[in-house]
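One-letter residues, chain by chain:
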Amino acid sequence: MDVSTNLAEINAIIEESCQKVNRQPDEITIIAVTKYVTIDRTKEVIDAGIVNLGENRQEGFMEKYNSFKEQVNWHFIGSLQTRKVKDIIEKVDFIHSLDRLSLAKEINKRTTKTVGCFVQVNVSGEESKHGLDPKNVLSFIEEVAVYTNIRIVGLMTMAPYTDNKQLIHNVFRELRELRDTVKAKQFNHAPCEYLSMGMSNDFDIAIEEGATHIRIGSKLVGSNK
Ligand SMILES: *Cc1c(COP(=O)(O)O)cnc(C)c1O
């Protein structure tokens, strides 16, 4: 399928999900996850009008960045090794995987600009998932305040792979409640307005639960190189 056909289908689902809960489609930012696909396919994504791209590995990120540079906003969505921060930091607009103080320290050290970060939270508690335990998120965000180049713009999570829609709803709802708690603190360094949640299989549920940034890979671009 061409990207614009897939995008039309995704936009229809976004609209439908927004309607259910009285939200507006323009509250939702689509991040096209291009990790599975070639430069040519990525160009199709940009030609279809997408202005936010996401990559989850440093190598893939560099390859795509070098092709498209400032044409789009760049989101780093995968777990980030501390030693790779210096390679990407001046190129990314947002990091979705802040999950430890050592990473915050390195980001702060390697740049002089303000970097928008989402704190990754392991809501479902699955061992395979990265991210902070929800109960540690607030104190973590308080501790990040000393790293003055970091702005906590929101929270990010990944739902478990399951057909159990209620479970997925619960995971996303818990992240939203946590976001509300942090936001209510009105930290200068952590406005924490955004929710990065929802992928190809569950972005409709994520939108119903308040997602502002959905990360769509396979449903938009396909999954084979
Ligand atoms: C790959 C990936 C996505 C997109 O996954 P799809 O199911 O293909 O939409 C979203 N978020 C993260 C962190 C990813 O690694």
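Residues numbered from 1 in each chain as written. Predicted model: local features only at pLDDT ≥ 70, side-chain atom pairs only at ≥ 80, totals over all residues. Heavy atoms only, no water.

As named in an unreviewed UniProt entry, the chain is Pyridoxal phosphate homeostasis protein, taken from Ornithinibacillus halotolerans. For the record of the chain, the UniProt heading Sequence similarities (unreviewed entry) holds the text "Belongs to the pyridoxal phosphate-binding protein YggS/PROSC family." Under the UniProt heading Function (unreviewed entry), the note attached to the chain is "Pyridoxal 5'-phosphate (PLP)-binding protein, which is involved in PLP homeostasis." (UniProt positions renumbered as here; feature names shortened; annotations may be inferred.)

Of the pockets and cavities examined, the largest pocket occupies roughly 730 Å³. Taken together, 32 residues line the largest pocket, and the ones lying closest to its centre are Lys35, Asn56, Met158, Tyr161 and Met199. Classifying every residue of the lining of the largest pocket gives 12 nonpolar, 13 polar and seven charged. A volume near 170 Å³ is recorded for the second largest pocket. (1 Å grid on protein atoms, 1.4 Å probe; cavity = no way out; pocket = protein on both sides within 12 Å on 5 of 7 lines; lining within 4 Å. Points joined across faces, edges and corners; volume = space filled by probe spheres on them. Nonpolar A, V, L, I, M, F, W, Y, C, P; charged D, E, K, R; others polar.)

The UniProt feature table records "modified residue: N6-(pyridoxal phosphate)lysine" (unreviewed entry) at Lys35. If you trace the backbone, Lys35 turns up in the loop between β1 (29-33) and α2 (39-47). Assessed through its relative accessible area of 30%, Lys35 is described here as partly exposed. (Helix = DSSP H or I, 4+ residues; strand = E, 2+ residues; numbered from the N terminus. Buried < 20%, exposed > 50% of the residue type's maximum accessible area, 1.4 Å probe, protein only.)

Applying the stated rule across the entire model yields six aromatic pairs. With 5.6 Å between their ring centres and 80° between their planes, Phe61 and Trp74 make a pair best called edge-to-face. Here Trp74 lies in strand β3 (residues 73-76) and Phe61 lies in helix α3 (residues 58-68), a separation of 13 residues in the sequence. For Trp74, a relative accessible area of 1% puts it in the buried group. (Phe/Tyr/Trp six-rings, centres within 6.5 Å; stacked < 30°, edge-to-face > 60°.)

Around the ligand lies a shell of 13 residues, among which Lys35, Ser200, Arg215, Gly217 and Ser218 are the nearest. In this structure, Ser218 approaches the ligand through a main-chain N or O atom, which is 2.8 Å from an oxygen atom. Burial of the ligand by the protein amounts to 92% of the accessible area it has alone, namely 390 Å². The site holding the ligand turns out to be the largest pocket. The class makeup of the residues in the shell around the ligand is seven nonpolar, four polar and two charged. (Near = heavy atom within 4 Å. Polar contact = N/O pair within 3.5 Å; in protein donor to acceptor, adjacent residues only side chain to side chain. Areas by Shrake-Rupley, 256 points an atom, 1.4 Å probe, with all protein chains shown as cover. Sits in = over half its atoms within 2 Å of the grid points.)

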